[in-house]
Amino acid sequence: MTTLTAADNNELEIELGVEEIKFIDALKALPDPRDNRGKRHLLAFLIVTVVFATLVGRSSVSGIHRYMTNKIEWLRETTGFKDATPISRAHLPRMLTNLDWLMLSVVITDCFGGQTAQMIQDEWISADGKVMRGTLKSGEKQAIIHAVSHESRIDVAQARQVGDKSSEIPVMREFLKETGLEKAKISLDAHHCNPETMTQIEQAGGLYLIQVKENQPKLLEQCRALAEQSPLAESIEHDCGHGFITTRQANLHNVQLSVIDNRWQHSGLRTVVMMNRETFDKSSQKTTTESAFYLSNYQNDNKQHTVKSLASVIRRHWSVESNNWQLDVTFGEDRVQVKNGNQAQIMGKLRCFSMNLLRWAKTGSQNLQASIEKFTDSPESLISMLKQVNFL
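Residues numbered from 1 in each chain as written. Predicted model: local features only at pLDDT ≥ 70, side-chain atom pairs only at ≥ 80, totals over all residues. Heavy atoms only, no water.

(A) Representation of the overall build of the chain in the model. When helices and strands are counted, the chain shows 15 helices and 9 strands. For 392 residues, the compact-globule estimate of 2.2 N^0.38 gives 21 Å, and the chain sits close to it at 23 Å. Along the three orthogonal principal directions, the C-alpha set of the chain runs to about 70 × 50 × 45 Å. Counting across all 392 residues of the chain, residues that qualify as buried make up 53%. Counted over contacts in the chain with a minimum sequence separation of 6, partners at least 24 positions apart contribute 63%. For the chain, the accessible area works out to roughly 18,400 Å², and carbon and sulfur atoms hold 47% of it. Separation of charge centres in the chain, based on 45 positive and 46 negative side chains, amounts to 5 Å. (Helix = DSSP H or I, 4+ residues; strand = E, 2+ residues; numbered from the N terminus. Rg over C-alpha atoms; globule rule 2.2 N^0.38 Å. Buried < 20%, exposed > 50% of the residue type's maximum accessible area, 1.4 Å probe, protein only. Contact = heavy atoms within 4.5 Å. Areas by Shrake-Rupley, 256 points an atom, 1.4 Å probe, with all protein chains shown as cover. Lys, Arg positive; Asp, Glu negative; His and termini not counted. Charge placed at Lys NZ, Arg CZ, Asp CG, Glu CD.)

Shown next as structure tokens:
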């Protein structure tokens, strides 16, 4: 995994020499390791073109190449790269492969980090890994870990991961440390329900909410035993939409660390929330029920406030899954076939960045597909949006 360090960021800020700078200008300071004798195409123009193409619905390398070729005159005029020429279809993936993930992260953070830093400080953040399914080599899985704001659904930070699901655990710990998310309010899935991760967040002064499943059988059994007791507080909510009526009941219980395994003693675990969901399908007239348990080191003297707050966090954890769904369905991430892992992750980062631009711009519609179609039909609206967010 590679993440942004303070030294890298400071070095680039000195090189840029400007606090408020347009993203397209900041890209011109991106280090280019290529031999000057072989440079025919600028990295900055490549990155800008990929973002433009992504925002009009082009996801594959071939689609990006066709967009660049067909729109080259317009791209020259819009970006100011007057001498830019289309990159060949064969050379385009090689240029993407050679892009530096870390330095690209530095530029994005330098231009947009102020907005995301405030979110990390104030809001609950969901974190989860997403496999690049179109880029699976034999025995080598490429993935990106995303950290997404519960409120705005902005993707505030990413990290690279190579390997199967189990390798996500240590990468996530390093990611939480290097981004400062271990000091924030973070929600994680059951894969990260382990004493080391929870202790890391507790000792850093952060708050966590993590689901517990069969991967921690003894702890899950103790949660089930707690659920048989009367809750300290409860919260009930009802939803009606998309043909379903859903009732969610959250029950709050306190945890006594002295009665659970010693390895959890430094985790700060204080609270268990049992979430009962009952869903009525209007079409089939059938009702389904399910229960889940969530652990947290959050506790407030007002038990009713605690259960309502944590019930809201449980519901909003879906923000990272929703973003992953958007990346697949709206931006076609799973359909993109590439052979090189770094190329896949670079394209994934630029895809995520493009989605963030739409959210930063508050385009007037939560329907990202509608925004993409608007940009396709009206290039002027795309330019206007990119100027609004200081991209152009």
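Moving on from the model shown.
(B) Summary view of the packing of aromatic side chains. According to the stated counting rule, one finds 9 aromatic pairs in the structure shown. Both rings, one in phenylalanine 52 and one in tryptophan 74, keep their centres 5.7 Å apart while their planes meet at 65°; by these two values the pair is edge-to-face. Pair noted here: phenylalanine 52 is in helix α3 (residues 43–55) and tryptophan 74 is in helix α5 (residues 72–79), with a separation of 22 residues, a long-range link. Residue class for phenylalanine 52 comes out buried when judged on its relative accessible area of 0%. A cation sits over an aromatic face here: lysine 71 above tryptophan 74, 4.7 Å from the ring centre. (Phe/Tyr/Trp six-rings, centres within 6.5 Å; stacked < 30°, edge-to-face > 60°. Lys NZ or Arg CZ within 6 Å of the ring centre and 35° of its normal.)

(C) Layout of the sheet that holds strand β9 (residues 286–296). The strand order β3-β2-β1-β4-β5-β9-β8-β7-β6 describes an open sheet built from 9 strands, whose pairing is mixed. Strands at the two margins of the open sheet, each flanked by one partner only, are β3 (155–162) and β6 (233–241). When strand polarity is set aside, the average angle formed by the axes of neighbouring strands in this sheet is 20°. Taken together, the 4 bridges between strand β4 (residues 185–188) and strand β5 (residues 207–212) define a ladder with parallel strand orientation. Looking at β5, one finds that leucine 188 is bridged to isoleucine 210. Helix-sheet contacts for helix α10 (residues 217–227) involve β5, β7 (244–254), β8 (271–281) and β9, and the interaxial angle to β9 is about 110°. (Pairing = 2+ DSSP bridges. Axes fitted to C-alpha atoms, helices over the stretch in contact; angles between N-to-C directions.)

(D) Molecular detail of helix α9 (residues 195–204). Those residues of α9 lying buried are Pro195, Thr197, Met198, Thr199, Gln200 and Ile201. Buried residues along α9 sit against α8 (168–179), β4, β5 and β9. Looking at the residues trailing α9, positive phi occurs at glycine 205, about 90°.

(E) Looking closely at α10. What α10 keeps buried is the set Leu219, Leu220, Cys223 and Leu226. Buried residues of α10, seen end-on, are gathered within an arc of 115° and therefore sit on one face of the element. What points out from α10, more than 90 degrees from its buried face, is the exposed set Pro217 and Lys218. Contact partners of the buried residues in α10: β5, β7, β8 and β9. (Arc of directions from axis to C-beta.)

(F) The pattern of salt bridges, seen in detail. Scanning the model with the defined rule gives 17 salt bridges in all. Between glutamate 221 and arginine 224 there is a salt bridge, and its shortest N-O distance comes to 4.0 Å. Within this pair, glutamate 221 and its partner arginine 224 are both found in helix α10, separated by 3 residues, close to a single helical turn. Arginine 277 serves as the salt-bridge partner of glutamate 290, at 4.0 Å between the closest nitrogen and oxygen. Note that glutamate 290 is positioned in strand β9 and arginine 277 in strand β8, a separation of 13 residues in sequence. Taking relative accessible area as the criterion, arginine 277 reaches 18% and is therefore assigned buried. Taken together, the shared-partner salt bridges in this structure form one network comprising Lys130, Arg133, Asp328, Glu333, Asp334 and Arg351. (Salt bridge = Lys/Arg side-chain N within 4 Å of Asp/Glu carboxyl O.)

(G) Broad picture of the nonpolar core. Among the nonpolar cores identified, the biggest contains 101 residues, and Phe52, Leu357, Met385 and Phe391 are the most heavily contacted of them. For this core, the leading source of residues is α3, giving 11 residues. Once residues within four sequence positions are removed from consideration, phenylalanine 52 is found in contact with Tyr67, Trp74, Leu75, Thr78, Leu382, Leu386, Phe391 and Leu392. Among the nonpolar cores identified, the runner-up in size contains 15 residues, and Met275, Ala292, Val307 and Leu310 belong to it. (Core = buried A, V, L, I, M, F, W, Y, C linked by side-chain atoms within 4.5 Å.)

(H) Local environment of the side chain of lysine 130. Topologically, lysine 130 is positioned in strand β1 (residues 124–131). For lysine 130, a relative accessible area of 6% corresponds to the buried category. Within polar-contact distance, the side chain of lysine 130 engages the side chain of aspartate 328 at 2.8 Å. For lysine 130, the side chain forms a polar contact with the side chain of glutamate 333, separated by 2.6 Å. (Polar contact = N/O pair within 3.5 Å; in protein donor to acceptor, adjacent residues only side chain to side chain.)

(I) Just unusual backbone geometry, in detail. A positive phi angle is found at histidine 242, which is not glycine, with a value near 55°. Tracing the chain through its elements places histidine 242 in the loop between β6 and β7. Given the relative accessible area of 83%, histidine 242 is considered exposed. Backbone geometry places asparagine 390, a non-glycine residue, at a positive phi of 70°. Mapped onto the secondary structure, asparagine 390 falls in the segment after α15 (379–388). On the basis of relative accessible area, asparagine 390 is assigned to the partly exposed category, the value being 28%.

No statement about biological role is implied by the geometric values presented.
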